[in-house]
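# Inside the fold
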Amino acid sequence: MARGLRQLTRRRLTPAQTQQIFNRFKDMDDRTCAVILGAMLDHSLERLVLLNMRPLEKYAREQLFSGTGPLSSFSSKIRVAAGFGIIGKQIAHDLEALNEIRNAFAHSSHQVTFRNRLVRARIETLHIGPVVNILMRALRGPATRFFTGTRGHFLLGGTGLLKLMDDARINKRPKRLECLVHGMDE
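Residues numbered from 1 in each chain as written. Predicted model: local features only at pLDDT ≥ 70, side-chain atom pairs only at ≥ 80, totals over all residues. Heavy atoms only, no water.

## Examining the overall build of the protein
Counted only if it meets this: Counting from the N terminus, the helices are the DSSP runs of H or I reaching at least four residues and the strands are the DSSP runs of E reaching at least two.
Per the secondary structure count, the protein includes 9 helices and 0 strands. Moving toward the C terminus, one meets the helices and strands of the protein in the order α-α-α-α-α-α-α-α-α.

Here it is as structure tokens:
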């Protein structure tokens, strides 16, 4: 039974399902947004790491990425991806920050919101933050109102990194995640 439940967390989303989630972010509470976006980032990074490995049989992949495997946690995937040069230091920093925020929301027994000063302070350390600010100024209008404030920066920063990782995976650029924004990584 436990194996079946674990498989639910490993099922990949179709592009249509991903778009549905993005469309529903504005209706979700803070905890749900943080946990779902964190899971999406985790899965995207896993696929990017797999792209840089030799092809693995299903059993070998499960041994690495499931249960207590060495790459079962998001943080271990971040460290391995950074160590092998798949992602740079700044993207690794941002993914670690987003993972810490996700963990605070997921594992806290009390109500955590994006208005919390510690959450806000961690989001302010994101290297992708200035890019988000430029986008917000360029795209002013009613549609961008939802993405203001700390929650908006979390969502835009996270979805921006998700898009970069998915583009790198789809375009099969296995050696290094190249950023679309000059200077994002060294």
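There is more to say, and it comes next.
## Things to note about the packing of aromatic side chains
To describe a pair of aromatic rings, one takes the distance between the centres and the angle between the planes. Note the following rule: Stacked, edge-to-face and tilted are the three classes for Phe, Tyr and Trp ring pairs, Trp counted by its six-membered ring, which pair at centre distances within 6.5 Å; planes under 30 degrees apart are stacked, over 60 edge-to-face, the rest tilted. Between buried and exposed lies partly exposed: a residue is buried under 20% and exposed over 50% of the maximum accessible area for its type, with that area taken using a 1.4 Å probe on protein chains only.
Under the counting rule described, the total for this entry stands at 2 aromatic pairs. Judged by centre distance (4.8 Å) and plane angle (45 degrees), the rings of F105 and F114 are tilted. With a relative accessible area of 0%, F105 lands in the buried category. Taking 5.0 Å as the distance between ring centres and 40 degrees as the angle between the ring planes, the aromatic pair formed by F114 and F154 counts as tilted. Of this pair, F114 sits in the loop between α6 (89-107) and α7 (117-123) while F154 sits in helix α9 (residues 149-170); the two residues are 40 residues apart in sequence, bridging distant segments of the chain. For F154, a relative accessible area of 1% puts it in the buried group. An aromatic cluster of three or more residues is present, and its members are F105, F114 and F154.

## Some words on the pattern of salt bridges
Convention followed: When a carboxyl oxygen of Asp or Glu is within 4 Å of a side-chain nitrogen of Lys or Arg, the pair counts as a salt bridge.
For the structure shown, the criterion picks out 5 salt bridges. In this structure, D42 and K77 form a salt bridge, with 2.5 Å as the shortest nitrogen-oxygen distance. Pair noted here: D42 is in helix α3 (residues 30-51) and K77 is in helix α5 (residues 74-83), with a separation of 35 residues, a long-range link. A single network of salt bridges, built from pairs that share partners, joins D42, E46 and K77.

## Some thoughts on the nonpolar core
Grouped burial of nonpolar side chains is what soluble globular proteins tend to show. How we decide: Here, nonpolar core refers to any group of buried Ala, Val, Leu, Ile, Met, Phe, Trp, Tyr and Cys residues whose side-chain atoms link them within 4.5 Å. In this description, contact between two residues means that some pair of their heavy atoms is separated by no more than 4.5 Å.
Of all hydrophobic cores here, the largest spans 39 residues; its most connected members are L41, L45, I87, L95, F114, F154 and L161. With 9 residues, the top contributor of residues to this core is α3. Here F154 is in contact with C33, A34, L37, L98, I101, F114 and I123, once residues within four sequence places are set aside.

## Digging into the side chain of R122
Operational definition: In the analysis that follows, any N or O atom pair within 3.5 Å is treated as a polar contact, provided that within protein one partner can donate a hydrogen and the other can accept it, and provided that, for residues neighboring in sequence, both atoms belong to side chains.
You can see R122 is positioned in helix α7. For R122, the side chain forms a polar contact with the side chain of E100, separated by 2.7 Å. Sequence-distant contacts of R122, defined by excluding residues within four places in its chain, comprise H93, E96, A97, E100 and I101.

## Details of the environment of V112
Secondary-structure assignment places V112 in the loop between α6 and α7. The class of V112 is buried, set by a relative accessible area of 6%. Between the C-alpha atom of V112 and that of R31, which follows or precedes it by 81 residues, the distance is 7.1 Å. When residues no more than four places from it in sequence are discounted, the contact partners of V112 are D30, R31, A104, F105 and V119.

## A look at the packing of α3 against α6
Applicable threshold: All axes are obtained by fitting lines to C-alpha atoms, using only the stretch in contact for helices, and the reported angles, taken between N-to-C directions, cover 0 to 180 degrees. Any angle between 65 and 115 degrees counts as roughly perpendicular, while under 35 counts as roughly parallel, over 145 as roughly antiparallel, and the rest as oblique. Less than a right angle of anticlockwise turn of the near helix away from the far helix marks a crossing as left-handed, whereas a clockwise turn marks it as right-handed. Residues are grouped as follows: Ala, Val, Leu, Ile, Met, Phe, Trp, Tyr, Cys and Pro are nonpolar; Asp, Glu, Lys and Arg are charged; every other residue, Gly included, is polar.
Following both chains from N to C, one finds α3 and α6 inclined at 135 degrees, their axes separated by 9 Å at the closest point. By the angle between their directions, the pair α3 and α6 is classed as oblique. The handedness of the crossing between α3 and α6 is left-handed. Side by side, α3 and α6 meet where D30, R31, A34, V35, G38, A39, L41 and L45 of the first sit next to L95, L98, R102, F105 and A106 of the second. Its residues assigned to classes, the contact of α3 with α6 comprises 9 nonpolar, 1 polar and 3 charged.

## As for the confidence of the model for the protein
The condition is simple: pLDDT expresses, on a scale from 0 to 100, how confident the predictor is about each individual residue.
When pLDDT is averaged across the protein, the result is 79; 70% of the residues are at 70 or more. Scored below 50 in pLDDT, residues 174-183 shows 27 contacts in the model against residues more than four places distant or in partner chains.

## Considering the packing of α3 against α5
Interaxial distance between α3 and α5 falls to 10 Å at its minimum, and their mutual angle equals 40 degrees. In this view, α3 runs oblique relative to α5, as classed from their interaxial angle. Crossing of α3 over α5 shows left-handed handedness. Across the interface between the two elements, G38, L41, D42, L45, E46 and V49 from α3 touch F74, K77, I78 and A81 from α5. Classifying every residue of the contact of α3 with α5 by side-chain character gives 6 nonpolar, 1 polar and 3 charged.

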